[in-house]
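Chains, contacts and geometry: an overview
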Amino acid sequence: DEQYKGSAVETIEGIRMIKEAFPEVKTVLGISNVSFGLPPAGREVLNSVYLHHCVMSGLDLALVNTENLERYPNIPDNEKQLCDDLLWNRGEDPIMAFTEYFRAAKTKVKEKKSNLSLEERLRHYIIEGTKEGLVDDLEEARKKYAPLQIINGPLMAGMDEVGRLFNNNELIVAEVLQSAEAMKAAVAHLEQFMEKSDNAGRGKVVLATVKGDVHDIGKNLVDIILSNNGFEVINLGIKIPPEQLIAAIQKHQPDIVGLSGLLVKSAQQMVITADDLSKANIQTPILVGGAALSEKFTHKKIAAAYDGFVTYAKDAMNGLELAKQIRDNEAFAKLKEEVEVKKSEISEDKQKSKTTIQATTERSSQIEILSELPSAPDYERHLIKNTAIDEIFKFINPLMLLGRHLGIKGKWIKQLGSADKRRLMAQDSEAQKALEIWQNLEELKAQCRKENLLKPQAVYQFFKVSSQGNEIFIYESENSQNICARIQLPRQAKPDGLCLADYVQPVSSDGEDHLAMFVVSVGTGIRELAEDWKQRGDYLRSHALQALALESAEAYAELLHAKLRNAWGFPDPVDITMMQRFQAKYRGKRYSFGYPACPNLANQKMLFDLLKPNDIAVELTEGFMMEPEASVSAMVFHHPQATYFSVGGEE
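Criteria and cut-off values
- Residues numbered from 1 in each chain as written.
- Predicted model: local features only at pLDDT ≥ 70, side-chain atom pairs only at ≥ 80, totals over all residues.
- Heavy atoms only, no water.
- Phe/Tyr/Trp six-rings, centres within 6.5 Å; stacked < 30°, edge-to-face > 60°.
- Helix = DSSP H or I, 4+ residues; strand = E, 2+ residues; numbered from the N terminus.
- Buried < 20%, exposed > 50% of the residue type's maximum accessible area, 1.4 Å probe, protein only.
- Lys NZ or Arg CZ within 6 Å of the ring centre and 35° of its normal.
- Salt bridge = Lys/Arg side-chain N within 4 Å of Asp/Glu carboxyl O.
- Pairing = 2+ DSSP bridges.
- Axes fitted to C-alpha atoms, helices over the stretch in contact; angles between N-to-C directions.
- Parallel < 35°, antiparallel > 145°, perpendicular 65-115°, else oblique.
- Left-handed = near helix turned anticlockwise from the far one by under 90°.
- Contact = heavy atoms within 4.5 Å.
- Nonpolar A, V, L, I, M, F, W, Y, C, P; charged D, E, K, R; others polar.
- Patch = residues over 30% accessible without salt bridge, like charges linked within 9 Å, V, L, I, M, F, W, Y side chains within 5 Å.
- Areas by Shrake-Rupley, 256 points an atom, 1.4 Å probe, with all protein chains shown as cover.
- Right-handed = clockwise from strand over helix to strand, strands pointing away.
- Core = buried A, V, L, I, M, F, W, Y, C linked by side-chain atoms within 4.5 Å.
- Expected span 1.5 Å × (residues − 1).
- Arc of directions from axis to C-beta.

**Focus on the packing of aromatic side chains**
According to the stated counting rule, one finds eleven aromatic pairs in the structure shown. Ring geometry for Tyr503 versus Phe637: centroids 6.1 Å apart, planes at 70 degrees, classification edge-to-face. Taken together, the positions of Tyr503 in the loop between strand E11 (483-488) and strand E12 (513-521) and Phe637 in strand E16 (residues 631-637) put the pair 134 residues apart, joining distant regions of the chain. Residue class for Tyr503 comes out buried when judged on its relative accessible area of 2%. Judged by centre distance (6.5 Å) and plane angle (65 degrees), the rings of Tyr503 and Phe645 are edge-to-face. Remark: Phe645 occurs in the segment after E16 and Tyr503 occurs in the loop between E11 and E12; sequence separation between them is 142 residues. Residues Tyr503 and Phe645 agree in their burial class; the two are buried. Taken together, Tyr503, Tyr591, Phe637, Tyr644 and Phe645 form an aromatic cluster joined through their ring pairs. Its end group placed over the ring of Phe570, Arg587 keeps NZ or CZ at 4.5 Å from the ring centre.

**Description of the pattern of salt bridges**
Counting across every chain of the model gives 38 salt bridges. The salt bridge involving Arg16 is made with Glu20; its shortest N-O contact spans 2.5 Å. Residue Arg16 and its partner Glu20 are both found in helix H1 (residues 7-21); the two are separated by four residues, about one turn of the helix. In this structure, a network of salt bridges that share partners links the residues Asp216, Lys239, Arg527, Glu627 and Glu629.

**A few points about the sheet that holds strand E7 (residues 310-312)**
In sheet architecture, strand pairing relies on hydrogen bonds along the backbone and comes in two forms, parallel and antiparallel. The five strands lie next to each other as E4-E3-E5-E6-E7, forming an open sheet whose pairing is parallel. The open sheet terminates on both sides in strands that have one partner only, identified here as strand E4 (231-235) and E7. Within the sheet, the average angular offset between the axes of one strand and its neighbour, ignoring direction, is 25 degrees. With three bridges connecting them, strand E6 (residues 286-289) and E7 associate as parallel partners. Note that in E7 the partner of Leu287 across the bridge is Thr311.

**Brief notes about the packing of H1 against helix H2 (residues 40-57)**
Contact pair H1 / H2: the axes reach a minimum separation of 8 Å and the direction vectors enclose 20 degrees. Our classification of the angle between H1 and H2 gives roughly parallel. When you trace H1 past H2, the crossing you get is right-handed. Across the interface between the two elements, Ala8, Thr11, Ile12, Ile15, Arg16 and Lys19 of H1 pack against Tyr50, His53, Cys54 and Ser57 of H2. Here the residues of the contact of H1 with H2 sort into five nonpolar, three polar and two charged.

**Regarding the environment of Ile224**
Positionally, Ile224 belongs in helix H9 (residues 217-227). Taking relative accessible area as the criterion, Ile224 reaches 3% and is therefore assigned buried. Setting aside residues up to four positions removed in sequence, Ile224 forms contacts with Leu177, Ala180, Lys534 and Tyr539.

**What to know about a nonpolar patch on the surface**
A cluster of nonpolar side chains, contributed by Ile18, Phe22 and Val25, occupies part of the molecular surface with about 260 Å² of accessible area. We classify Val25 as partly exposed; its relative accessible area is 38%.

**Some remarks on the pairing of E6**
Successive residues of a regular strand alternate their side chains across the two faces of the sheet. On E6, burial covers both faces: Ile286 and Val288 on one face and Leu287 and Gly289 on the other are all buried. Note on the crossover from strand E5 (residues 256-260) through helix H11 (residues 264-279) to E6: the handedness is right-handed. For the handedness criterion, the β-α-β arrangement of E6, helix H12 (residues 295-302) and E7 is classed as right-handed.

**Overview of the side chain of His543**
Structurally, His543 is set in helix H21 (residues 539-568). Take His543: its relative accessible area is 6%, and that puts it in the buried class. Once you skip the residues sitting within four places of it in the chain, His543 turns out to touch Val173, Leu177, Ile217, Leu221, His405 and Leu406.

**Let's talk about unusual backbone geometry**
Looking along the chain, the bond that leaves Glu627 and enters Pro628 is cis, with omega of 10 degrees. As for its position among the elements, Pro628 is in the loop between strand E15 (626-627) and E16. Despite not being glycine, Asp496 has its phi angle at roughly 60 degrees, a positive value. Relative to the assigned elements, Asp496 resides in the loop between E11 and E12. Its relative accessible area of 32% is what places Asp496 among the partly exposed residues.

**Side note on the nonpolar core**
In this structure, Leu122, Leu155, Ile408, Leu454 and Phe518 are the most contacted members of the largest nonpolar core, which totals 111 residues. Of all the elements, H21 adds the most residues to this core, at 16 residues. When near neighbours in sequence (up to four residues on either side) are disregarded, Leu454 contacts Ile389, Phe393, Cys448, Val522, Ile526, Leu548, Ala549 and Ser552. Among the nonpolar cores identified, the runner-up in size contains 35 residues, and Ile487, Leu515, Ala597 and Met606 belong to it.

**Here we look at H1**
For H1, built from 15 residues, the straight-helix expectation of 21 Å at 1.5 Å per residue is met to within 8% by its first-to-last C-alpha distance of 21 Å. For H1, every residue scored as buried is listed here: Ala8, Ile12, Ile15, Arg16 and Lys19. For H1, the arc enclosing every buried residue in end-on projection is 95 degrees, short of the 170-degree limit, so these residues lie on one face. Exposed residues pointing more than 90 degrees away from the buried face of H1 are listed as Glu10 and Ala21.

**Observations concerning helix H19 (residues 432-451)**
Here H19 contains 20 residues, and its C-alpha end-to-end distance of 29 Å stays within 8% of the 28 Å for a straight helix at 1.5 Å per residue. Among the residues making up H19, those that are buried are Gln432, Ala434, Leu435, Ile437, Trp438, Gln439, Leu441, Leu444, Lys445, Gln447 and Cys448. At the exit of H19 stands Asn452, carrying a positive phi of roughly 55 degrees.

**Observations regarding the packing of helix H16 (residues 398-405) against H21**
Between H16 and H21, the least distance of the axes is 10 Å, while the angle of their chain directions is 150 degrees. Viewed along their axes, H16 and H21 adopt a mutual orientation that is roughly antiparallel. Considering the relative orientation of H16 and H21, their crossing is right-handed. From H16, Met400, Leu401 and His405 reach across to H21, where they touch His543, Ala547, Leu548, Leu550 and Glu551. Of the residues assigned to the contact of H16 with H21, the class counts are five nonpolar, two polar and one charged.

Everything listed here is a matter of geometry and, on its own, says nothing about what the molecule does.
See below:
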């Protein structure tokens with residue numbers, strides 16, 4: 001009927017507009033009207049595609065027969081295209097194209113879960129990350145198998161396939177977490193029928209974030225992946241000293257130890273921890289991971305301090321594969337050979353002669369001594385506790401949040417920022433998962449707003465400063481010549497190498513210079529809430545919450561830095577984009593202790609003594625890291641030539 005052409009897409013768009021204008025209003029839609037009069041073989045396919053697009057636009061409740069509904073991810077791309085052309089009224093005659101295709105096909109008795117074998121259905125629940133119908137099929141399986149056979153059989157086969165798909169870049173982190181949620185739900189249901197002695201049997205792993213380190217988002221991801229792939233995991237938590245780790249190993253007798261840490265200091269702590277384990281006659285295989293680690297450092301430094309086997313895991317799924325190899329005698333022997341080859345290659349590199357240049361204290365000639373200095377607005381300490389969370393959300397780097405933490409491809413991230421492009425993504429089968437994860441994240445943001453889950457707080461202050469060589473002097477007040485703190489900073493070991501002190505006016509020069517320091521945090525209570533959600537099996541939401549908190553802290557730092565530039569008298573251009581901000585394409589830079597230009601974390605104590613961020617519930621650990629984890633501290637320099645650089649160090 002001509003009068004109904006375009007009505008499907010108008011309905012989809014209408015749902016979206018209602019949700020944007022009245023987000024609290026619920027919508028309900030009868031689905032099957034869209035396919036009346038079409039060939040029976042195509043009706044349920046069209047219903048599924050139509051339902052999918054409506055849900056992506058915000059539909060809350062659908063009236064539809066789910067027993068016959070084709071599962072959207074299982075629909076072939078050519079059939080999705082035929083449906084999309086019909087719904088969007090594209091092409092010369094989309095109705096004819098759809099009708100001819102599905103009349104030629106036999107009426108689809110879909111290969112739904114009900115038509116798969118019981119074992120295949122159980123496997124598919126895990127691969128697809130769905131719990132709908134799972135318990136009923138588990139009960140059916142219990143009539144044939146013991147609970148442990150179900151876990152080690154079809155359920156574990158599903159998780160193995162998830163691992164394979166992830167390693168082939170066919171699944172992203174968020175999808176793996178959804179599969180883990182389904183596995184957790186299955187095991188939780190079966191546990192009530194198991195004997196206490198029953199165990200999935202792949203092995204026992206002790207996990208720990210090393211002494212002084214408060215970062216645990218990566219370790220928690222490893223915990224989720226391993227524990228839902230048949231490993232028993234004892235997660236000791238954060239800031240674990242060697243003696244506590246040794247006691248746990250002696251108590252639990254694990255097959256593998258996993259060590260995690262984020263910063264350079266943590267990598268060095270792993271060397272100390274490995275040495276302490278050796279002295280305690282422990283030779284349990286160790287897997288290490290973290291942002292500051294590399295395979296080379298692991299095999300060159302950590303392995304040299306440990307009597308047992310140790311190797312580097314680049315991410316959680318790689319850690320799973322290595323754990324499986326360690327627990328298989330033949331695969332472990334092969335892995336040991338591969339690691340020995342890598343260690344010998346590193347040893348050969350070490351033997352090669354290398355010209356070394358000693359770092360000096362001479363100021364770099366690359367950096368201009370400024371003849372005109374901006375004025376500090378004041379030298380008072382400022383506490384901020386009323387920043388709107390939505391103002392911070394605007395400064396979140398989507399490539400970090402969606403890409404690094406949740407695994408969404410960059411090409412989709414760029415489109416998610418536009419409502420028009422999101423509508424186009426809803427028509428692309430490959431983009432569907434990215435859109436679904438983005439919507440989950442938006443729901444989490446809404447929950448954060450409503451329940452005040454993220455609590456932004458900040459403290460900052462401008463300080464009068466001068467420099468000499470590699471040292472920055474901080475003065476008691478604007479008019480004082482009394483030095484209240486000194487920061488000794490490293491210089492690049494190369495001709496005319498850079499040092500952060502170069503960005504401060506030398507003592508011998510004219511003019512009164514200054515820098516700013518700040519601490520921002522949004523993390524109070526986040527670790528406990530994320531752990532609660534994780535224990536409930538809500539893995540994706542738990543991981544997303546931690547990721548959102550971490551990136552919100554970074555966003556808050558970016559926001560405050562912009563306000564400081566404005567206070568200094570050189571605000572950002574009105575046409576600056578967020579991407580240009582993320583690329584630091586503005587005057588001046590901010591630097592955090594523990595990172596390449598100023599790797600000495602101990603300098604955090606000086607910053608904390610000056611700013612006293614305990615007033616915003618941020619504390620310093622004995623390893624000079626901030627608690628809660630979703631906190632950022634920095635020194636802010638105004639010098640127009642300031643750039644990011646590394647002073648180097650051992651790999």
